[in-house]
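Residues per chain are reported as follows:
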Amino acid sequence: MKKYIAAILALGFFAFAQWWGLTQTPSDAMMGAVQKIMYAHVPAAWNSFIAFFVVFVSSLLFLIRKKIFWDRLAASAAEVGVALTGLTLCLGSIWGRPTWGVWWTWDARLTTTAILFFLYVGYLSFRKFIEDPEKRAKLAAPLGVLIFLNVPIVYMSVRWWRTLHQVQSSPSTMDPAMVLALRLNAFAFLGLLILFIYWRYKIAKRKGELEEGL
Amino acid sequence: MTHFLRCFSAIFYKDLLSELRQKEILNTVLFFGLLIIFIYSFALGTDPNLLKKMAPGLLWLVVLFSSILALDRSFQSELEEGCLDHLVLYAASPRALFLGKVVTNFFTILIIQITSAFAMMILFDLPFPDNFWLLAVTFLLGNLGLATLGTFYAALTIKTKARQAMLPLLLFPMLIPLLLASVYATQMALEGTLTEGSSAWLTLLGIYNLVFLTACTLAIEPLLEA
């Protein structure tokens, strides 16, 4: 029972935050109920960036410290980050269809997120093709660093290319109830992020021990 | 330092000599590039205005696809007979080895690019570029970035099982800023109209090259020893 406490807390808080966002906030004046997607879309996007930052820092630390812990952490964070980015893109698409009238548009932030998705899917599939864990760690670490360095450059270039995404709402332009719900959900997703990375890390560690035992 | 430079030039000389003797890359890759340009007309139609409008993008796509073949060769030939391990052991530092390969690939891609550009000028009836120097700078900066990241990723994927599928899968998303900047700067050079916007794209290319040349040179050492 004890080892499930963290999971129950994180999932419970997530369910509560989502319920809060869906029922305790006013509907948007223009978009109506569709706007409620924001309470999952925006937190998922924010937290996927946190996950990718964890990949970057762990990869860098692996290059310095050479401890397998950092490699496993980078792999776990990359997987969770890819899942959250995929969720962001899907939810954004569902929101975009009624709001903008299209499933997809070549806006700067959309395109950057999609490129990020491709980059980290590449990172994960690269890992799958190397069997020796030590070699995999050594080869994946520089990749994890390079990809993250590319993110600001990708964003800059795509922004010059074209921009359509609505200007970000700031707390001053939003209803206070919406801001509260958004923040609640951001922390709920952060809890999930930590939980998932921890679970993935434990699986990676056991797999590693199994490989060593063979 | 002199040892580093000697290693660097030895690698460059070795690769150049091997390429000039075998003509493996130039013969196959150049022909492949010409073939793609030829095939474009079948896929896109022969409307000269359309082809002229799309020429910068098409040019960089040919360069991208052809250089993937050349980049893939640059480490594969070392892997046969186990040359790579010996090179890593002999060379002053893996960095000299890496930079030597970057320079070789830079020249290979430059040859691919100039040939493709000429072929497109003839087949698509493009006029001589209005702003020749802008075009030249764009080619050089774009090629440097392509050669740097391409060589690095070639060294990375050489150690995996699905090497040939892996290289473009990892490399192409990384090259998106480079592709955007190069295509738009090339377009401005060819049309000679919007020259003010070109300096922004050239700056982006410069930053891109600086960041990745530094990062790749720093990161190549653990990679080649893995």
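Rules behind the numbers
- Residues numbered from 1 in each chain as written.
- Chains lettered and ligands numbered in written order.
- Predicted model: local features only at pLDDT ≥ 70, side-chain atom pairs only at ≥ 80, totals over all residues.
- Helix = DSSP H or I, 4+ residues; strand = E, 2+ residues; numbered from the N terminus.
- Rg over C-alpha atoms; globule rule 2.2 N^0.38 Å.
- Buried ≥ 20, exposed ≤ 12 C-beta atoms within 10 Å, placed from the backbone.
- Contact = placed C-beta atoms within 7 Å.
- Axes fitted to C-alpha atoms, helices over the stretch in contact; angles between N-to-C directions.
- Parallel < 35°, antiparallel > 145°, perpendicular 65-115°, else oblique.
- Left-handed = near helix turned anticlockwise from the far one by under 90°.
- Nonpolar A, V, L, I, M, F, W, Y, C, P; charged D, E, K, R; others polar.
- Core = buried A, V, L, I, M, F, W, Y, C linked by C-beta atoms within 7 Å.
- pLDDT = per-residue confidence, 0-100.
- Expected span 1.5 Å × (residues − 1).
- Arc of directions from axis to C-beta.

*Asks:* Sorry, what's going on with the overall build of chain B here?
*Replies:* Helix and strand content of chain B: nine helices and zero strands. Along the chain direction, N to C, the helices and strands of chain B fall in the order α-α-α-α-α-α-α-α-α. Its C-alpha atoms give chain B a radius of gyration of 18 Å, near enough to 17 Å, the size a compact globule of 226 residues would have. Taken over the C-alpha atoms alone, chain B extends approximately 55 × 35 × 30 Å along its principal axes. Counting only residues that meet the buried cut, chain B has 45% of its 226 residues in that class.

*Asks:* Explanation requested: the overall build of chain A in the structure shown.
*Replies:* Counting secondary structure elements, chain A contains six helices and zero strands. In chain A, the succession of α and β elements from N to C terminus is α-α-α-α-α-α. By its C-alpha atoms, chain A is 60 × 50 × 25 Å across when sized along the principal axes. When each of the 214 residues of chain A is scored for burial, the buried share is 38%.

*Asks:* Teacher, can you tell me more about the environment of A:Val55 here?
*Replies:* Relative to the helices and strands, A:Val55 is located in helix 2 (residues 38–65). In the structure, A:Val55 is positioned 157 residues away from A:Glu212 in sequence and 24 Å away in space, judged by C-alpha atoms.

*Asks:* Looking at this structure, how should I read the interface of chain B and chain A?
*Replies:* Note: interface size is frequently given as the accessible area lost on complex formation between the parts. Facing 24 residues of chain B, the contacting portion of chain A comprises 24 residues. Looking at the side of chain B that touches chain A, the elements that each hand over two or more residues are helix 7 (163–174), helix 8 (176–191) and helix 9 (195–225) of chain B. Broken down by element, the side of chain B that touches chain A gets its largest block of residues, nine residues, from helix 9 of chain B.

*Asks:* Can you help me understand the packing of helix 1 (residues 5–23) of chain A against helix 6 (residues 176–213) of chain A in this one?
*Replies:* Packed helices, taken two at a time, are described by the angle their axes make and the gap between the axes. Residue and element names in this part refer to chain A. At a closest axis distance of 9 Å, the pairing of helix 1 and helix 6 adopts a crossing angle of 155°. Comparing their axes, helix 6 and helix 1 come out roughly antiparallel. As helix 1 packs across helix 6, the resulting crossing turns out to be left-handed. Of the residues in helix 6, those touching helix 1 at Ala6, Ala7, Ala10, Phe13, Phe14, Ala17, Gln18, Trp20 and Gly21 are Ala181, Leu184, Asn185, Ala188, Gly191, Leu192 and Leu195. Split by residue class, the contact of helix 1 with helix 6 holds 12 nonpolar, four polar and no charged.

*Asks:* Sorry if this is basic, but what is going on with unusual backbone geometry here?
*Replies:* Leave glycine aside and you will find that most residues have negative phi; peptide bonds, for their part, are mostly trans. The phi dihedral of A:Lys66 is positive, around 60°, even though this residue is not glycine. On the secondary structure map, A:Lys66 appears in the loop between helix 2 and helix 3 (68–100). For A:Lys66, a count of 14 C-beta atoms within 10 Å translates into the label partly exposed. You will see that B:Asp125, though not glycine, has its phi angle at about 55°, which is positive. Following the sequence through the fold, B:Asp125 ends up in the loop between helix 5 (94–123) and helix 6 (132–157).

*Asks:* What exactly am I supposed to notice about the nonpolar core here?
*Replies:* Buried together is how nonpolar side chains tend to be arranged in soluble globular proteins. Residues A:Ala74, A:Ala77, B:Leu149 and B:Ala155 are the most contacted members of the largest nonpolar core, which totals 118 residues. Of the residues forming this core, the biggest block, 13 residues, is contributed by helix 6 of chain B.

*Asks:* Looking at this structure, how should I read the confidence of the model for chain B?
*Replies:* As a note on interpretation, predicted positions should not be read in detail where pLDDT is low. All names here are of chain B. Overall, the predicted model of chain B reaches an average pLDDT of 86, with 96% of residues at or above 70. Summarising per-element confidence for chain B, the mean pLDDT is lowest in helix 4 (residues 83–90) (78) and highest in helix 6 (91). The ipTM for the predicted assembly is 0.86, set against a pTM of 0.87.

*Asks:* I keep staring at helix 6 of chain B and nothing clicks. Help me out?
*Replies:* Three or four residues apart is the spacing at which side chains of an α-helix point the same way, because the helix has 3.6 residues per turn. Here helix 6 of chain B contains 26 residues, and its C-alpha end-to-end distance of 36 Å stays within 8% of the 38 Å for a straight helix at 1.5 Å per residue. The buried fraction of helix 6 of chain B is high, at 21 of 26 residues.

*Asks:* Just checking my understanding: could you explain helix 1 (residues 2–22) of chain B for this structure?
*Replies:* Residues and elements named next belong to chain B. Taking 1.5 Å of rise per residue, 21 residues should cover 30 Å, and helix 1 covers 30 Å from first to last C-alpha, within 8% of that figure. Here helix 1 has its buried residues at Cys7, Phe8, Ile11 and Asp15. Down the axis, helix 1 shows its buried residues gathered within 100° of arc, on one side only. Exposed residues pointing more than 90 degrees away from the buried face of helix 1 are listed as Thr2, His3, Leu5, Tyr13, Leu17, Leu20 and Arg21. Of the surrounding elements, those touching the buried residues of helix 1 are helix 5. Note on helix 1: the residue one or two positions beyond its end, Lys23, has a positive phi of about 55°.

*Asks:* What should I look at first to understand the packing of helix 3 (residues 48–79) of chain B against helix 5 of chain B in this one?
*Replies:* Residue and element names in this part refer to chain B. Running from amino to carboxyl end, helix 3 crosses helix 5 at an angle of 145°, the nearest separation of the two axes being 9 Å. In the packing of helix 3 onto helix 5, the handedness of the crossing is right-handed. Along its contact with helix 3, which presents Ala55, Leu59, Val62, Val63, Ser66, Ser67, Ala70, Leu71 and Ser74, the element helix 5 presents Lys101, Thr104, Asn105, Thr108, Ile109, Ile112, Gln113, Ser116, Ala117 and Met120. For the contact of helix 3 with helix 5, the per-class residue count stands at 10 nonpolar, eight polar and one charged.

*Asks:* Help me understand the environment of A:Ile194, please; the structure alone is not making it clear to me.
*Replies:* Residue and element names in this part refer to chain A. Relative to the helices and strands, Ile194 is located in helix 6. A tally of 17 C-beta atoms within 10 Å means that Ile194 is categorised as partly exposed. C-alpha separation for the pair Ile194 and Ala77, spaced 117 residues apart in sequence, amounts to 8.9 Å.

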